[in-house]
Amino acid sequence: MEPSSTTPPSISALRIGDWAVYPSTGQIVRDRETLRLEVRTLRLLLSLAERPGQVVSIDDLLTRVWPDVSVSPDSVYQAIASLRRQLGDDPRQPTYIATVPRLGYQMVAPVSVLPDPANSAPNSQSGSVPTQPTALSTVRADLPNASAPPAFHPRRKAFVPAAVAVALSLVLLAGFLIHSRANRDFAASPPVPAQPQKSIAVLPFADMSENRDAGFFADGVHEDLLTTLALVPELKVISRTSVMQYRATTKTIKQIGQELGVSYVLEGSVRRAGNKVRVTGQLINAQTDEHVWAKYYDRDLTDIFGIQSALAQEIADSLSAAISPETRKHIERRPTENTAAYDLFLQGRAINNSAPSGNAKALTEAANFFERACELDPKFASAWGELAVVYALKVFWNIDARAEIQAKGSEAIAKAESLEPDTPEVIRLVGTYAYYAHRDYEKATEQYLRLAAIQPNDPTVFSSLGLIQRRQGRWAESLANLRKAADLDSGNIGYQRNLLASLRVARRWDEARKIQERLVALRPGDLGELQALADLNYDATDSMRAAKAFIEGLTPEQREDPDVLFRRKFWASDSGDMAEFKRLDQRQPYEPDGSPMAGAIFASLAYWGAGDLALARARVAPFLEEARLLTVSNPENSLAWDDLGKIEMVSGQTEAGLSHLAKAVALMPISRDALMGPSVRLDYLSGCAMAGRSDEALAGLAEFMHLPSPVPLTDIRHNPAFQPLRRDPRFESLINDPHNNEPIF
């Protein structure tokens, strides 16, 4: 007897598009990729899959997915976004879930029942899943408004055959009961190393505004919430830099929590319409994938700081983090009452966040926004502080060190400090300004120690202290603080790189190698990280083996990458292959994103060391007058004098070149900057070697070998400017002494 069409088949697995779905365990499997969905995410997926091709309304999803919780429609929007990430679906060209504006969502992937011969979840070792659906027909829903749609007939709706529909309904009901039990069973299995319970990562907020050009606003609210949370002493809060990498991730909340070392993750969204704003947040336990709560705040735009304060306090309460009256005062602070000024402030900050360090155009654009914010609200202390820091960065990066710019910076920071001298944000900005504008390390340290007392778990505090201390030459203290910052925010690649740079200075090659290998693992396939690892191994061993292996492992296209071409040119120079160097120099004359003058100087020194004086001089001739003009417009800029001196040395103007290299050292002595000073000092010593002053060069090098310096021994050994010293036994003794490449502190 044929079974009734309404009799559900015995199933425990479905195929939705490329994914096999196992409701009993909450697993979804594709090829050898296995993910575990949080309970409500699974419920959402099955609610849509039960009716492929049909539009499922927001209200229906709220009832089905959150039957026992009062949440807003924003919870659906965020849950859909999370599900799409895990499925690998693009909302602009959906292959799984299509948005039907103002109506709801539609499953557009084919849905079918999978046979289940073992009546179990997928094989945990092989990850294999059944690949063919049962004889029950597969339903493929057409996208709404597709080209040449069929005429509408009341009985021609997209549908699931009755057997599949009933089966899905049963799966939807029974699966959740089993999945809840499975969650308890998994809790009893060997746990992942425990994360600090009072730790949180706030993922980038989704911009739900109709005007997506205002994305800076959602990012600004996100950053300000992070800053506010960092005020709670008991909380470990992951930095903006670390969480931004998860903006469009397909990783699960559990994966994110493990990678960032946190117990909780907050997902949120910002919707701005006219003078109204809605901010939503969902707090999720990253260890169990369970939602703790979902909140939304509908306020006037003028109360955006009230929303941030309320959300921060809600999070602190949920994580049982105490808030003192003093901390509460900082959390409830309103930086400005002028929403237009706040908009300008956020736009300036967004430019600073996205631009490379020392980008002149970006600094000028950011300054314009901050200036306008200060004009609209002269009492906006944070805007004055950010403006001052922009001016300071122009001086620090040798972009514009005119007295006028320095005076503007001094005036702006004084204004910020007079308005709010004791707020954490202004304390930070005053310290940052002192560091970049004047290299006033004592004041910068004083400010950041004040901040550390207020925000003891804020990694930015310890990172900043570490950077200040290494400029002071307090290397051991610097290393300890940089390690602490990296430990507090292990996913922050910037912190890892800062620590790595100091370990290289210390010649702690083994520890540096472990960090670089971790960066390679964090950014799989990233050419820059792979190249950096090869370069590190080269500096540690003076062996080209790693460099050659790196090049041999590249595809033809990757070999033509501008950064790779420049690095290949560098290695060709060090290995003495000038034919290859010349070929690569013609194809890639300048370092990507670097100064053409700097690229020309580097190449000219290589040609000079190889004895091709004519080509060396031709390479820098176009830049000689430019270099002179830079010293006139920036007479206190040590790097300008350093560049001019090197160009003059190559050009045969030895006396002037040495004089200008010495001036660079006087402007940037090691006592003023222990990180940059050694490089400037080494340039002077190389000039001495080029000028035939061997005794002075060798005496200076003997001292230099005992200095912490970002210049590795390989750079000294192969520096073409030291070519005149090659046959001097004193030079050979220095560069071949193994102690000169051992840990220095």
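Residues numbered from 1 in each chain as written. Predicted model: local features only at pLDDT ≥ 70, side-chain atom pairs only at ≥ 80, totals over all residues. Heavy atoms only, no water.

1. Some words on the overall build of the chain
Then, in step 1: Of the regular secondary structure elements, the chain holds 33 helices and 14 strands.
Then, in step 2: Looking at the chain residue by residue over its 745 residues, the buried ones come to 53%.
Then, in step 3: Counting only carbon and sulfur atoms, one obtains 52% of the accessible surface of the chain, whose full area is about 33300 Å². (Helix = DSSP H or I, 4+ residues; strand = E, 2+ residues; numbered from the N terminus. Buried < 20%, exposed > 50% of the residue type's maximum accessible area, 1.4 Å probe, protein only. Areas by Shrake-Rupley, 256 points an atom, 1.4 Å probe, with all protein chains shown as cover.)

2. Some remarks on helix H33 (residues 729-736)
Then, in step 1: Within H33, burial applies to Phe731, Leu734 and Ile735. Seen along its axis, H33 keeps its buried residues to an arc of 90 degrees; they face one direction.
Then, in step 2: One side-chain oxygen at the N-terminal end of H33 lies 2.8 Å from the backbone nitrogen of Arg730; it belongs to Asp728. (Arc of directions from axis to C-beta. Polar contact = N/O pair within 3.5 Å; in protein donor to acceptor, adjacent residues only side chain to side chain.)

3. Considerations on the environment of Glu223
Then, in step 1: With respect to the secondary-structure elements, Glu223 resides in helix H5 (residues 215-229).
Then, in step 2: Residue Glu223 is classed as buried on the basis of its relative accessible area, which comes to 16%.
Then, in step 3: Considering only alpha carbons, one finds Glu223 and Pro204, 19 residues apart in sequence, at a separation of 8.5 Å.
Then, in step 4: Excluding residues that lie within four positions of it along the chain, Glu223 makes contacts with Arg240, Arg349 and Asn353. (Contact = heavy atoms within 4.5 Å.)

4. A closer look at unusual backbone geometry
Then, in step 1: Even without being glycine, Asp289 reaches a positive phi, approximately 65 degrees.
Then, in step 2: Mapped onto the secondary structure, Asp289 falls in the loop between strand S13 (276-285) and strand S14 (290-300).

5. Quick notes on the packing of helix H18 (residues 493-505) against helix H20 (residues 527-541)
Then, in step 1: Contact geometry of H18 with H20 gives a least axis separation of 13 Å together with a crossing angle of 15 degrees. Here H20 runs roughly parallel to H18, going by the angle between their axes. The crossing of H18 and H20 is left-handed. Contact residues: Ile493, Arg497 and Arg504 in H18; Glu529, Asp535, Leu536 and Asp539 in H20.
Then, in step 2: Residue classes in the contact of H18 with H20 are distributed as 2 nonpolar, no polar and 5 charged. (Axes fitted to C-alpha atoms, helices over the stretch in contact; angles between N-to-C directions. Parallel < 35°, antiparallel > 145°, perpendicular 65-115°, else oblique. Left-handed = near helix turned anticlockwise from the far one by under 90°. Nonpolar A, V, L, I, M, F, W, Y, C, P; charged D, E, K, R; others polar.)

6. Regarding the pairing of S13
Then, in step 1: Within S13, 9 of the 10 residues are buried, which leaves it mostly tucked inside the rest of the structure.
Then, in step 2: In this sheet, S13 lies alongside strand S12 (residues 264-273) in antiparallel orientation, the contact comprising 10 bridges. By the bridge assignment, Ser269 is partnered in S13 with Thr280.
Then, in step 3: Hairpin remark: S12 followed by S13, antiparallel, with 2 residues in the connecting loop; positive phi at Gly274, about 60 degrees.
Then, in step 4: Hairpin remark: S13 followed by S14, antiparallel, with 4 residues in the connecting loop; positive phi at Asp289, about 65 degrees. (Pairing = 2+ DSSP bridges.)

7. Overview of the environment of Gly609
Then, in step 1: You can see Gly609 is positioned in helix H25 (residues 596-609).
Then, in step 2: Non-local contacts of Gly609, meaning those with residues more than four positions away in its chain, are made with Pro720 and Gln723.

8. What about the sheet that holds strand S4 (residues 33-36)?
Then, in step 1: Ordered in space as S4-S3-S2-S1-S8, the 5 strands form an open sheet in which the pairing is antiparallel. Lying at the two open borders of the sheet, with one neighbouring strand each, are S4 and strand S8 (111-113). For this sheet, the mean inter-axis angle between neighbouring strands, taken without regard to orientation, is 25 degrees.
Then, in step 2: Sheet topology places strand S1 (residues 14-16) next to S8; 3 bridges connect them, and they run antiparallel. Along S8, the bridge assignment pairs Ile16 with Val111.

9. So, the packing of helix H1 (residues 39-49) against helix H2 (residues 58-65)
Then, in step 1: Contact geometry of H1 with H2 gives a least axis separation of 10 Å together with a crossing angle of 130 degrees. On the basis of their axis angle, the class for H1 and H2 is oblique. For the pair H1 and H2, the crossing hand works out as right-handed. Residues Arg40, Arg43, Leu44, Ser47 and Leu48 of H1 lie in contact with H2, whose contacting residues are Leu61, Arg64 and Val65.
Then, in step 2: By residue class, the composition of the contact of H1 with H2 is 4 nonpolar, 1 polar and 3 charged.

10. Section: the confidence of the model for the chain
Then, in step 1: The predicted model of the chain averages 84 in pLDDT, with 85% of residues at 70 or higher.
Then, in step 2: Between residues 1-11, whose pLDDT stays under 50, and residues either more than four places distant or in other chains, the model counts 16 contacts.
Then, in step 3: Low pLDDT (under 50) marks residues 123-193, which in the prediction has 114 contacts with non-local residues, meaning those over four places away or in another chain. (pLDDT = per-residue confidence, 0-100.)

11. Quick word on the sheet that holds strand S7 (residues 104-107)
Then, in step 1: Overall, antiparallel pairing links the 3 strands, which are arranged S5-S7-S6 in an open sheet. Two strands close off the open sheet at either side, each with one partner strand: strand S5 (55-57) and strand S6 (97-100). Across the sheet, the mean angle from the axis of one strand to that of its neighbour is 35 degrees, orientation sign disregarded.
Then, in step 2: Contacts from H1 reach S5, S6 and S7, with the element oriented near 75 degrees to S7.
Then, in step 3: The strands touched by H2 within the sheet are S5 and S7, with S5 carrying the most contacts at an inclination of about 70 degrees.

12. As for the nonpolar core
Within soluble globular proteins, side chains that are nonpolar generally end up buried alongside one another.
Then, in step 1: If you look at the biggest cluster of nonpolar residues, it comprises 81 residues, and the most contacted ones within it are Ile200, Phe205, Phe217, Leu266, Ile304 and Leu311.
Then, in step 2: Looking at this core, the element that brings in the most residues is helix H12 (residues 381-396), giving 11 residues.
Then, in step 3: Not counting the four nearest positions on each side in its chain, Phe217 is found in contact with Val270, Arg272, Val277, Leu301, Ile304, Tyr342, Asp343 and Leu346.
Then, in step 4: The next biggest cluster of nonpolar side chains, apart from the first, holds 47 residues, and it includes Ala606, Met649, Phe722 and Ile735. (Core = buried A, V, L, I, M, F, W, Y, C linked by side-chain atoms within 4.5 Å.)

13. Regarding helix H21 (residues 545-552)
Then, in step 1: Taken together, the buried positions of H21 are occupied by Ala547, Phe550 and Ile551. The arc that holds every buried residue of H21, seen down its axis, measures 95 degrees, which confines them to one face. Residues of H21 that are exposed and point more than 90 degrees away from the buried face comprise Arg545, Lys548 and Glu552.
Then, in step 2: Buried positions along H21 lie against H20, helix H22 (556-559) and helix H23 (562-574).

14. With respect to the packing of aromatic side chains
Then, in step 1: Per the counting criterion, the structure on display carries 17 aromatic pairs.
Then, in step 2: Centroid distance Phe722 to Phe731: 6.0 Å. Interplanar angle 45 degrees. Geometry classified as tilted.
Then, in step 3: The exposure class assigned to Phe722 is buried, which follows from its relative accessible area of 0%.
Then, in step 4: Grouping aromatic residues by their ring pairs yields a cluster made of Phe217, Phe305, Tyr342, Phe345, Phe370 and Phe380.
Then, in step 5: The ring of Trp293 is capped by Lys295, whose NZ or CZ atom sits 6.0 Å from the centre of that ring. (Phe/Tyr/Trp six-rings, centres within 6.5 Å; stacked < 30°, edge-to-face > 60°. Lys NZ or Arg CZ within 6 Å of the ring centre and 35° of its normal.)

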